Amino acid sequence: MTQANNPYVSFTQTVDQAAKLLGYERSAYEFIKYPERELSVSIPVEMDDGTVTIFEGFRVQHSSLLGPYKGGVRYHQSVNHDEMKALAALMTFKCALANLPFGGAKGGVIVDPSTLSKNELKRLTRRYTAMILPIIGPDEDIPAPDVNTNEEIMGWIMDTYSMMRGHAVPGIVTGKPLLLGGSLGRTEATGRGVSYILRETRKRLKILEEDCTAAILGFGKVGKEAARRLFEDGVRVVAVSDTSGGVRSARGLNIQAVVAHVESGHKIAEYQENGVEHITNEELIATECTILAPCAVSDVINAQNAASVQAQIVIEGGNAQITAEADEVLNKKECLVIPDLVATLGGIIVSYFERVQNVQSLMWDEFEINRMLKNVILKAYDEVWEVSRKNAVPMRMGAYLIALERVCTAKRIRGIFP
Ligand code: GLU
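None of these values were measured; they are calculated from a predicted model.

What about the overall build of the protein chain?
Broken down by element type, the protein chain carries 14 helices and 12 strands. Its C-alpha atoms give the protein chain a radius of gyration of 21 Å, within 12% of the compact-globule value 22 Å for 418 residues. With the principal axes as the frame, the protein chain shows a C-alpha extent of 60 × 55 × 45 Å. Across the 418 residues in the protein chain, those meeting the buried criterion constitute 57%. Taking contacts inside the protein chain between residues at least 6 apart in sequence as the whole, the part at least 24 apart equals 68%. When the accessible surface of the protein chain is split by element, carbon and sulfur atoms take 52% of a total near 17,500 Å². Side chains of the protein chain carry 45 positive and 51 negative charges; the gap between the two charge centres is 5 Å.

In C-alpha coordinates:
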(Lines give C-alpha, C1' and ligand atoms only; values in the text may rest on other atoms or scores of the structure.)
Protein backbone atom coordinates (compact mmCIF):
# COMPACT_ATOMS: atom_id res chain seq x y z
CA MET A 1 0.00 0.00 0.00
CA THR A 2 1.40 3.42 -0.96
CA GLN A 3 0.65 6.70 0.80
CA ALA A 4 -1.58 7.65 -2.15
CA ASN A 5 -3.95 4.70 -1.79
CA ASN A 6 -3.77 4.33 1.98
CA PRO A 7 -7.38 4.98 3.10
CA TYR A 8 -6.28 6.26 6.50
CA VAL A 9 -3.92 8.80 4.95
CA SER A 10 -6.78 9.91 2.65
CA PHE A 11 -9.04 10.30 5.68
CA THR A 12 -6.59 12.48 7.60
CA GLN A 13 -5.82 14.59 4.52
CA THR A 14 -9.51 15.20 3.86
CA VAL A 15 -9.98 16.11 7.53
CA ASP A 16 -7.14 18.67 7.21
CA GLN A 17 -8.79 20.21 4.14
CA ALA A 18 -12.21 20.35 5.83
CA ALA A 19 -10.72 21.88 8.99
CA LYS A 20 -9.05 24.55 6.89
CA LEU A 21 -12.35 25.46 5.26
CA LEU A 22 -13.97 25.60 8.71
CA GLY A 23 -11.13 27.81 9.94
CA TYR A 24 -10.18 25.41 12.75
CA GLU A 25 -6.90 25.55 14.64
CA ARG A 26 -5.06 22.22 14.58
CA SER A 27 -5.64 21.73 18.32
CA ALA A 28 -9.42 21.88 17.82
CA TYR A 29 -9.59 18.84 15.56
CA GLU A 30 -6.27 16.94 15.76
CA PHE A 31 -7.83 14.36 18.12
CA ILE A 32 -10.09 13.02 15.35
CA LYS A 33 -7.09 11.70 13.43
CA TYR A 34 -6.38 9.12 16.13
CA PRO A 35 -8.54 6.13 17.07
CA GLU A 36 -9.33 6.17 20.79
CA ARG A 37 -8.57 2.47 21.25
CA GLU A 38 -7.42 -0.44 19.09
CA LEU A 39 -7.19 -4.15 19.65
CA SER A 40 -5.30 -6.67 17.51
CA VAL A 41 -6.12 -10.29 18.21
CA SER A 42 -4.94 -13.70 17.12
CA ILE A 43 -7.66 -16.22 16.46
CA PRO A 44 -6.69 -19.90 16.54
CA VAL A 45 -9.26 -22.03 14.75
CA GLU A 46 -9.42 -25.79 14.73
CA MET A 47 -10.03 -26.72 11.10
CA ASP A 48 -12.22 -29.65 10.08
CA ASP A 49 -9.14 -31.78 9.35
CA GLY A 50 -7.87 -31.33 12.92
CA THR A 51 -5.09 -28.83 12.12
CA VAL A 52 -5.05 -25.38 13.70
CA THR A 53 -4.87 -22.16 11.67
CA ILE A 54 -4.18 -18.79 13.25
CA PHE A 55 -6.07 -15.82 11.83
CA GLU A 56 -5.40 -12.17 12.56
CA GLY A 57 -8.22 -9.86 13.62
CA PHE A 58 -8.87 -6.28 14.71
CA ARG A 59 -11.36 -4.06 16.46
CA VAL A 60 -10.69 -0.35 16.12
CA GLN A 61 -12.72 2.05 18.26
CA HIS A 62 -12.34 5.43 16.67
CA SER A 63 -14.59 7.73 18.69
CA SER A 64 -17.16 7.51 21.47
CA LEU A 65 -17.85 11.23 21.57
CA LEU A 66 -21.45 10.93 20.45
CA GLY A 67 -22.35 7.54 21.95
CA PRO A 68 -21.25 3.90 22.13
CA TYR A 69 -18.80 2.75 19.45
CA LYS A 70 -20.66 1.28 16.50
CA GLY A 71 -19.60 -0.43 13.31
CA GLY A 72 -19.45 -3.60 11.29
CA VAL A 73 -17.16 -6.61 11.25
CA ARG A 74 -15.76 -7.72 7.90
CA TYR A 75 -14.16 -10.97 6.86
CA HIS A 76 -11.87 -10.48 3.89
CA GLN A 77 -8.39 -11.42 2.78
CA SER A 78 -7.55 -7.75 2.11
CA VAL A 79 -8.40 -6.55 5.66
CA ASN A 80 -5.50 -4.57 7.14
CA HIS A 81 -4.85 -2.28 10.05
CA ASP A 82 -4.96 1.06 8.21
CA GLU A 83 -8.12 0.10 6.37
CA MET A 84 -9.73 -0.76 9.73
CA LYS A 85 -8.69 2.62 11.15
CA ALA A 86 -10.11 4.45 8.14
CA LEU A 87 -13.39 2.52 8.16
CA ALA A 88 -13.79 3.10 11.93
CA ALA A 89 -13.28 6.83 11.40
CA LEU A 90 -15.81 6.82 8.57
CA MET A 91 -18.33 5.28 10.97
CA THR A 92 -17.79 8.18 13.40
CA PHE A 93 -18.46 10.62 10.58
CA LYS A 94 -21.44 8.69 9.22
CA CYS A 95 -23.16 8.61 12.63
CA ALA A 96 -22.46 12.32 13.13
CA LEU A 97 -23.85 13.10 9.68
CA ALA A 98 -27.09 11.21 10.29
CA ASN A 99 -27.36 12.59 13.85
CA LEU A 100 -27.30 9.08 15.34
CA PRO A 101 -26.23 8.74 18.99
CA PHE A 102 -23.23 6.54 18.19
CA GLY A 103 -19.50 6.80 17.84
CA GLY A 104 -17.49 4.87 15.26
CA ALA A 105 -15.72 1.51 15.22
CA LYS A 106 -14.80 -1.27 12.80
CA GLY A 107 -13.66 -4.82 13.12
CA GLY A 108 -12.32 -7.42 10.79
CA VAL A 109 -10.50 -10.67 10.30
CA ILE A 110 -7.96 -11.38 7.56
CA VAL A 111 -9.62 -14.39 5.99
CA ASP A 112 -11.22 -15.47 2.75
CA PRO A 113 -14.41 -16.94 4.22
CA SER A 114 -15.20 -18.83 1.00
CA THR A 115 -12.32 -21.19 1.88
CA LEU A 116 -13.86 -22.14 5.25
CA SER A 117 -16.60 -24.65 6.01
CA LYS A 118 -19.59 -23.41 7.95
CA ASN A 119 -18.32 -24.98 11.16
CA GLU A 120 -14.89 -23.40 10.71
CA LEU A 121 -16.57 -20.02 10.11
CA LYS A 122 -18.61 -20.48 13.29
CA ARG A 123 -15.54 -21.37 15.36
CA LEU A 124 -13.66 -18.38 13.90
CA THR A 125 -16.55 -16.07 14.80
CA ARG A 126 -16.91 -17.40 18.32
CA ARG A 127 -13.20 -17.11 19.04
CA TYR A 128 -12.98 -13.63 17.50
CA THR A 129 -15.91 -12.58 19.71
CA ALA A 130 -14.22 -14.02 22.79
CA MET A 131 -11.00 -12.15 21.94
CA ILE A 132 -12.68 -8.74 21.55
CA LEU A 133 -15.12 -9.38 24.40
CA PRO A 134 -13.33 -7.14 26.94
CA ILE A 135 -14.00 -4.05 24.82
CA ILE A 136 -17.47 -4.67 23.37
CA GLY A 137 -20.90 -4.45 25.03
CA PRO A 138 -24.40 -3.13 24.35
CA ASP A 139 -23.48 0.24 25.87
CA GLU A 140 -19.79 0.15 24.90
CA ASP A 141 -19.34 -1.07 21.34
CA ILE A 142 -21.97 -2.73 19.16
CA PRO A 143 -20.76 -4.75 16.12
CA ALA A 144 -22.87 -5.30 12.99
CA PRO A 145 -22.62 -6.97 9.56
CA ASP A 146 -20.22 -5.68 6.93
CA VAL A 147 -18.44 -7.27 3.93
CA ASN A 148 -18.91 -11.09 4.02
CA THR A 149 -20.71 -11.13 7.38
CA ASN A 150 -24.46 -11.56 7.81
CA GLU A 151 -27.26 -12.09 10.30
CA GLU A 152 -26.28 -15.71 10.95
CA ILE A 153 -22.79 -14.57 12.00
CA MET A 154 -24.34 -11.82 14.17
CA GLY A 155 -26.43 -14.55 15.83
CA TRP A 156 -23.22 -16.46 16.69
CA ILE A 157 -21.66 -13.28 18.13
CA MET A 158 -24.79 -12.67 20.20
CA ASP A 159 -24.76 -16.25 21.47
CA THR A 160 -21.05 -16.22 22.34
CA TYR A 161 -21.32 -12.91 24.20
CA SER A 162 -24.48 -14.04 26.02
CA MET A 163 -22.90 -17.36 27.07
CA MET A 164 -19.90 -15.53 28.53
CA ARG A 165 -22.19 -13.11 30.41
CA GLY A 166 -24.57 -15.80 31.64
CA HIS A 167 -27.74 -14.21 30.23
CA ALA A 168 -29.15 -13.20 26.85
CA VAL A 169 -27.78 -9.89 25.58
CA PRO A 170 -29.57 -9.19 22.27
CA GLY A 171 -28.30 -5.61 22.19
CA ILE A 172 -24.66 -6.69 21.76
CA VAL A 173 -25.03 -6.67 17.95
CA THR A 174 -27.31 -5.23 15.30
CA GLY A 175 -28.17 -6.96 12.06
CA LYS A 176 -29.00 -10.16 13.96
CA PRO A 177 -31.79 -12.61 13.05
CA LEU A 178 -35.34 -11.36 13.68
CA LEU A 179 -36.07 -14.06 16.24
CA LEU A 180 -33.11 -12.94 18.37
CA GLY A 181 -34.23 -9.31 18.38
CA GLY A 182 -33.21 -8.22 14.90
CA SER A 183 -35.08 -5.55 12.99
CA LEU A 184 -37.25 -5.88 9.93
CA GLY A 185 -35.61 -4.25 6.93
CA ARG A 186 -32.04 -4.34 8.30
CA THR A 187 -30.58 -6.73 5.72
CA GLU A 188 -31.79 -4.67 2.76
CA ALA A 189 -31.29 -1.29 4.45
CA THR A 190 -28.03 -0.17 2.81
CA GLY A 191 -29.18 -1.06 -0.72
CA ARG A 192 -32.54 0.52 -0.06
CA GLY A 193 -30.81 3.70 1.12
CA VAL A 194 -28.76 3.79 -2.09
CA SER A 195 -31.96 3.58 -4.12
CA TYR A 196 -33.69 6.37 -2.13
CA ILE A 197 -30.71 8.63 -2.74
CA LEU A 198 -30.60 7.82 -6.43
CA ARG A 199 -34.31 8.52 -6.83
CA GLU A 200 -33.81 11.89 -5.14
CA THR A 201 -30.74 12.67 -7.25
CA ARG A 202 -32.57 11.86 -10.48
CA LYS A 203 -35.35 14.21 -9.36
CA ARG A 204 -32.89 17.02 -8.60
CA LEU A 205 -31.00 16.55 -11.86
CA LYS A 206 -34.25 16.02 -13.78
CA ILE A 207 -33.23 12.64 -15.18
CA LEU A 208 -36.26 10.59 -16.22
CA GLU A 209 -36.11 6.88 -15.42
CA GLU A 210 -36.48 6.00 -19.10
CA ASP A 211 -33.34 8.02 -19.88
CA CYS A 212 -31.39 6.55 -16.96
CA THR A 213 -29.04 3.57 -17.08
CA ALA A 214 -27.04 2.03 -14.24
CA ALA A 215 -24.00 -0.23 -13.87
CA ILE A 216 -23.46 -1.94 -10.52
CA LEU A 217 -20.11 -3.27 -9.40
CA GLY A 218 -20.47 -5.91 -6.69
CA PHE A 219 -23.54 -8.07 -6.11
CA GLY A 220 -23.46 -8.68 -2.37
CA LYS A 221 -26.14 -7.46 0.03
CA VAL A 222 -25.91 -3.85 -1.17
CA GLY A 223 -25.36 -4.24 -4.92
CA LYS A 224 -28.10 -6.84 -5.26
CA GLU A 225 -30.69 -4.79 -3.39
CA ALA A 226 -29.74 -1.58 -5.21
CA ALA A 227 -30.02 -3.37 -8.59
CA ARG A 228 -33.37 -4.84 -7.67
CA ARG A 229 -34.80 -1.52 -6.56
CA LEU A 230 -33.42 0.46 -9.53
CA PHE A 231 -34.97 -2.15 -11.83
CA GLU A 232 -38.31 -1.78 -10.02
CA ASP A 233 -38.06 2.00 -10.43
CA GLY A 234 -37.82 1.52 -14.20
CA VAL A 235 -34.11 2.35 -14.50
CA ARG A 236 -32.31 0.22 -17.11
CA VAL A 237 -29.60 -1.72 -15.26
CA VAL A 238 -27.16 -2.34 -18.11
CA ALA A 239 -24.35 -4.10 -16.25
CA VAL A 240 -23.74 -5.97 -12.99
CA SER A 241 -20.80 -7.95 -11.69
CA ASP A 242 -19.38 -9.91 -8.77
CA THR A 243 -15.85 -11.18 -8.14
CA SER A 244 -16.25 -13.70 -10.99
CA GLY A 245 -16.82 -10.96 -13.60
CA GLY A 246 -19.85 -9.25 -15.07
CA VAL A 247 -22.61 -9.20 -17.65
CA ARG A 248 -23.74 -6.30 -19.80
CA SER A 249 -26.68 -5.57 -22.07
CA ALA A 250 -27.46 -2.17 -23.55
CA ARG A 251 -31.17 -3.11 -23.57
CA GLY A 252 -31.03 -3.60 -19.82
CA LEU A 253 -30.66 -6.84 -17.86
CA ASN A 254 -33.52 -8.84 -16.43
CA ILE A 255 -32.49 -8.18 -12.82
CA GLN A 256 -35.07 -10.56 -11.36
CA ALA A 257 -33.48 -13.37 -13.37
CA VAL A 258 -29.93 -12.32 -12.34
CA VAL A 259 -30.97 -12.23 -8.66
CA ALA A 260 -32.60 -15.68 -8.93
CA HIS A 261 -29.42 -16.99 -10.62
CA VAL A 262 -27.18 -15.62 -7.84
CA GLU A 263 -29.50 -16.70 -5.04
CA SER A 264 -29.43 -20.26 -6.34
CA GLY A 265 -25.68 -20.25 -5.68
CA HIS A 266 -24.30 -19.30 -9.12
CA LYS A 267 -21.72 -16.73 -10.14
CA ILE A 268 -22.62 -13.78 -12.35
CA ALA A 269 -19.98 -14.86 -14.91
CA GLU A 270 -22.11 -17.99 -15.54
CA TYR A 271 -25.29 -15.99 -16.19
CA GLN A 272 -26.85 -16.36 -19.65
CA GLU A 273 -29.54 -14.17 -21.20
CA ASN A 274 -30.24 -13.31 -24.83
CA GLY A 275 -27.96 -10.52 -26.05
CA VAL A 276 -25.85 -10.49 -22.88
CA GLU A 277 -22.13 -9.81 -23.17
CA HIS A 278 -19.68 -11.17 -20.58
CA ILE A 279 -17.27 -8.52 -19.30
CA THR A 280 -14.54 -7.96 -16.71
CA ASN A 281 -14.98 -5.69 -13.69
CA GLU A 282 -12.72 -3.11 -15.36
CA GLU A 283 -15.02 -3.13 -18.40
CA LEU A 284 -17.99 -2.63 -16.11
CA ILE A 285 -16.36 0.46 -14.61
CA ALA A 286 -15.86 1.86 -18.14
CA THR A 287 -19.46 1.14 -19.21
CA GLU A 288 -21.40 3.97 -20.78
CA CYS A 289 -24.20 4.70 -18.30
CA THR A 290 -25.83 7.42 -16.20
CA ILE A 291 -25.08 5.90 -12.80
CA LEU A 292 -22.12 3.80 -11.70
CA ALA A 293 -22.62 2.21 -8.28
CA PRO A 294 -19.53 0.51 -6.82
CA CYS A 295 -20.76 -1.72 -3.97
CA ALA A 296 -17.65 -3.85 -3.47
CA VAL A 297 -14.46 -3.85 -1.38
CA SER A 298 -12.29 -0.75 -0.78
CA ASP A 299 -10.44 1.09 -3.58
CA VAL A 300 -12.15 -0.49 -6.58
CA ILE A 301 -12.19 2.90 -8.35
CA ASN A 302 -8.56 3.96 -8.35
CA ALA A 303 -5.91 5.88 -10.28
CA GLN A 304 -5.70 3.08 -12.87
CA ASN A 305 -9.36 3.07 -13.90
CA ALA A 306 -10.91 6.42 -12.84
CA ALA A 307 -10.27 8.01 -16.24
CA SER A 308 -12.29 5.26 -17.93
CA VAL A 309 -15.47 6.08 -15.97
CA GLN A 310 -18.18 7.43 -18.29
CA ALA A 311 -21.03 7.73 -15.79
CA GLN A 312 -22.55 11.08 -14.93
CA ILE A 313 -23.16 10.02 -11.32
CA VAL A 314 -20.99 7.70 -9.20
CA ILE A 315 -22.59 6.56 -5.96
CA GLU A 316 -20.34 4.84 -3.43
CA GLY A 317 -22.65 2.04 -2.28
CA GLY A 318 -19.82 0.45 -0.29
CA ASN A 319 -17.39 2.16 2.09
CA ALA A 320 -14.15 3.66 0.66
CA GLN A 321 -14.72 2.47 -2.92
CA ILE A 322 -12.90 5.43 -4.48
CA THR A 323 -9.26 6.31 -3.72
CA ALA A 324 -8.33 9.97 -3.19
CA GLU A 325 -6.54 10.08 -6.56
CA ALA A 326 -9.56 8.64 -8.35
CA ASP A 327 -11.82 11.10 -6.56
CA GLU A 328 -9.80 13.96 -8.03
CA VAL A 329 -10.05 12.52 -11.53
CA LEU A 330 -13.83 12.13 -11.19
CA ASN A 331 -14.26 15.64 -9.81
CA LYS A 332 -12.25 17.08 -12.71
CA LYS A 333 -14.56 15.26 -15.13
CA GLU A 334 -17.47 16.97 -13.32
CA CYS A 335 -18.90 13.63 -12.42
CA LEU A 336 -21.28 13.88 -9.44
CA VAL A 337 -19.76 11.67 -6.74
CA ILE A 338 -22.20 10.75 -3.96
CA PRO A 339 -19.77 9.68 -1.24
CA ASP A 340 -19.93 6.63 1.05
CA LEU A 341 -20.52 8.89 4.07
CA VAL A 342 -24.02 9.56 2.71
CA ALA A 343 -24.66 6.69 0.30
CA THR A 344 -24.10 3.84 2.77
CA LEU A 345 -26.05 5.39 5.65
CA GLY A 346 -29.02 3.00 5.27
CA GLY A 347 -27.33 0.18 7.22
CA ILE A 348 -26.34 2.18 10.25
CA ILE A 349 -29.67 4.03 10.34
CA VAL A 350 -31.63 0.77 10.58
CA SER A 351 -29.03 -0.54 13.07
CA TYR A 352 -29.98 2.44 15.21
CA PHE A 353 -33.66 1.54 14.85
CA GLU A 354 -32.77 -2.02 15.88
CA ARG A 355 -31.06 -0.75 19.02
CA VAL A 356 -34.03 1.43 19.94
CA GLN A 357 -36.37 -1.55 19.51
CA ASN A 358 -34.03 -3.70 21.65
CA VAL A 359 -33.86 -1.13 24.44
CA GLN A 360 -37.65 -0.83 24.46
CA SER A 361 -38.28 -4.56 23.88
CA LEU A 362 -40.71 -3.90 21.06
CA MET A 363 -40.91 -4.37 17.32
CA TRP A 364 -41.85 -1.89 14.61
CA ASP A 365 -43.36 -2.92 11.29
CA GLU A 366 -41.36 -2.78 8.10
CA PHE A 367 -43.41 0.00 6.55
CA GLU A 368 -42.65 2.25 9.50
CA ILE A 369 -38.95 1.36 9.44
CA ASN A 370 -38.62 2.12 5.73
CA ARG A 371 -40.52 5.38 6.10
CA MET A 372 -38.20 6.53 8.90
CA LEU A 373 -35.12 5.33 7.01
CA LYS A 374 -36.13 7.42 4.02
CA ASN A 375 -36.66 10.51 6.19
CA VAL A 376 -33.33 10.23 8.00
CA ILE A 377 -31.21 9.41 4.95
CA LEU A 378 -32.76 12.08 2.75
CA LYS A 379 -32.31 14.68 5.48
CA ALA A 380 -28.58 13.89 5.64
CA TYR A 381 -28.38 13.89 1.84
CA ASP A 382 -30.13 17.24 1.62
CA GLU A 383 -27.79 18.81 4.19
CA VAL A 384 -24.74 17.56 2.33
CA TRP A 385 -26.15 18.77 -0.99
CA GLU A 386 -26.78 22.26 0.43
CA VAL A 387 -23.42 22.60 2.22
CA SER A 388 -21.49 21.42 -0.82
CA ARG A 389 -23.31 23.87 -3.07
CA LYS A 390 -22.92 26.76 -0.64
CA ASN A 391 -19.17 26.14 -0.33
CA ALA A 392 -18.70 25.12 -3.98
CA VAL A 393 -17.05 21.84 -2.97
CA PRO A 394 -17.74 18.22 -3.95
CA MET A 395 -20.32 16.33 -1.87
CA ARG A 396 -17.60 14.35 -0.09
CA MET A 397 -16.13 17.56 1.28
CA GLY A 398 -19.65 18.79 2.13
CA ALA A 399 -20.19 15.64 4.21
CA TYR A 400 -16.81 16.04 5.95
CA LEU A 401 -17.59 19.69 6.77
CA ILE A 402 -20.86 18.78 8.49
CA ALA A 403 -19.55 15.73 10.35
CA LEU A 404 -16.29 17.36 11.44
CA GLU A 405 -18.12 20.37 12.79
CA ARG A 406 -20.46 18.14 14.81
CA VAL A 407 -17.73 16.01 16.37
CA CYS A 408 -15.54 19.02 17.15
CA THR A 409 -18.47 20.80 18.76
CA ALA A 410 -19.22 17.71 20.86
CA LYS A 411 -15.56 17.59 21.91
CA ARG A 412 -15.65 21.23 22.93
CA ILE A 413 -18.81 20.73 24.97
CA ARG A 414 -17.54 17.56 26.67
CA GLY A 415 -14.04 18.92 27.28
CA ILE A 416 -10.91 16.92 27.98
CA PHE A 417 -10.77 14.40 30.79
CA PRO A 418 -9.38 14.78 33.45
N1 GLU B 1 -21.18 -2.10 8.22
C2 GLU B 1 -22.18 -1.11 7.99
C3 GLU B 1 -21.56 0.22 7.63
O4 GLU B 1 -20.40 0.28 7.31
C5 GLU B 1 -23.16 -0.98 9.16
C6 GLU B 1 -22.57 -0.66 10.46
C7 GLU B 1 -23.58 -0.79 11.60
O8 GLU B 1 -24.75 -1.02 11.35
O9 GLU B 1 -23.15 -0.66 12.74
O10 GLU B 1 -22.22 1.22 7.58
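Observations regarding the UniProt feature "binding site: NAD(+)" (unreviewed entry) in the protein chain
Taken from the UniProt record, the annotation "binding site: NAD(+)" (unreviewed entry) applies to Thr-190. Assignment of secondary structure puts Thr-190 in helix 6 (residues 189-205). With residues near it in sequence (within four places) discarded, Thr-190 still touches Val-222, Gly-317, Ala-343, Thr-344, Gly-346 and Gly-347.

Focus: the UniProt feature "site: Important for catalysis" (unreviewed entry) in the protein chain
The residues that UniProt annotates with the feature "site: Important for catalysis" (unreviewed entry) are Asp-146. Residue placement: Asp-146 occurs in the loop between strand 5 (141-145) and helix 5 (151-165). Using a relative accessible area of 11% as the deciding quantity, one classes Asp-146 as buried.

What about the packing of helix 12 (residues 345-360) against helix 13 (residues 366-390)?
At a minimum axis separation of 10 Å, helix 12 and helix 13 run at an interaxial angle of 130°. Of the possible angle classes, the one that applies to helix 12 and helix 13 is oblique. As helix 12 runs across helix 13, the sense of the crossing is right-handed. Across the interface between the two elements, Leu-345, Gly-346, Ile-349, Val-350, Phe-353 and Gln-357 from helix 12 touch Ile-369, Met-372, Leu-373, Val-376, Ile-377 and Ala-380 from helix 13.

Thoughts on the site of the ligand
Near the ligand, the surroundings consist of 14 residues, among which Lys-70, Lys-94, Pro-145, Asp-146 and Ser-351 are the closest. Notes on the ligand: free accessible area 290 Å², of which the protein chains cover 95%. Counting only elements with at least two residues in the shell around the ligand, the list comes to strand 3 (69-76), helix 3 (81-97), strand 5 and helix 12. Across the shell around the ligand, the residue classes break down as four nonpolar, five polar and five charged.

Let's talk about the sheet that holds strand 5
Strand order in the open sheet made by the five strands is 1-2-4-3-5, with mixed pairing throughout. Each edge of the open sheet carries a strand with a single partner, namely strand 1 (37-46) and strand 5. Adjacent strand axes in the sheet meet at a mean angle of 25°, parallel and antiparallel pairs treated alike. Pairing of strand 3 with strand 4 (residues 104-110) involves four bridges; the strand directions are parallel. Bridge pairing in strand 4 links Arg-74 to Gly-108.

Definitions and cut-offs
Residues numbered from 1 in each chain as written. Predicted model: local features only at pLDDT ≥ 70, side-chain atom pairs only at ≥ 80, totals over all residues. Heavy atoms only, no water. Helix = DSSP H or I, 4+ residues; strand = E, 2+ residues; numbered from the N terminus. Rg over C-alpha atoms; globule rule 2.2 N^0.38 Å. Buried < 20%, exposed > 50% of the residue type's maximum accessible area, 1.4 Å probe, protein only. Contact = heavy atoms within 4.5 Å. Areas by Shrake-Rupley, 256 points an atom, 1.4 Å probe, with all protein chains shown as cover. Lys, Arg positive; Asp, Glu negative; His and termini not counted. Charge placed at Lys NZ, Arg CZ, Asp CG, Glu CD. UniProt positions renumbered as here; feature names shortened; annotations may be inferred. Axes fitted to C-alpha atoms, helices over the stretch in contact; angles between N-to-C directions. Parallel < 35°, antiparallel > 145°, perpendicular 65-115°, else oblique. Left-handed = near helix turned anticlockwise from the far one by under 90°. Near = heavy atom within 4 Å. Nonpolar A, V, L, I, M, F, W, Y, C, P; charged D, E, K, R; others polar. Pairing = 2+ DSSP bridges.

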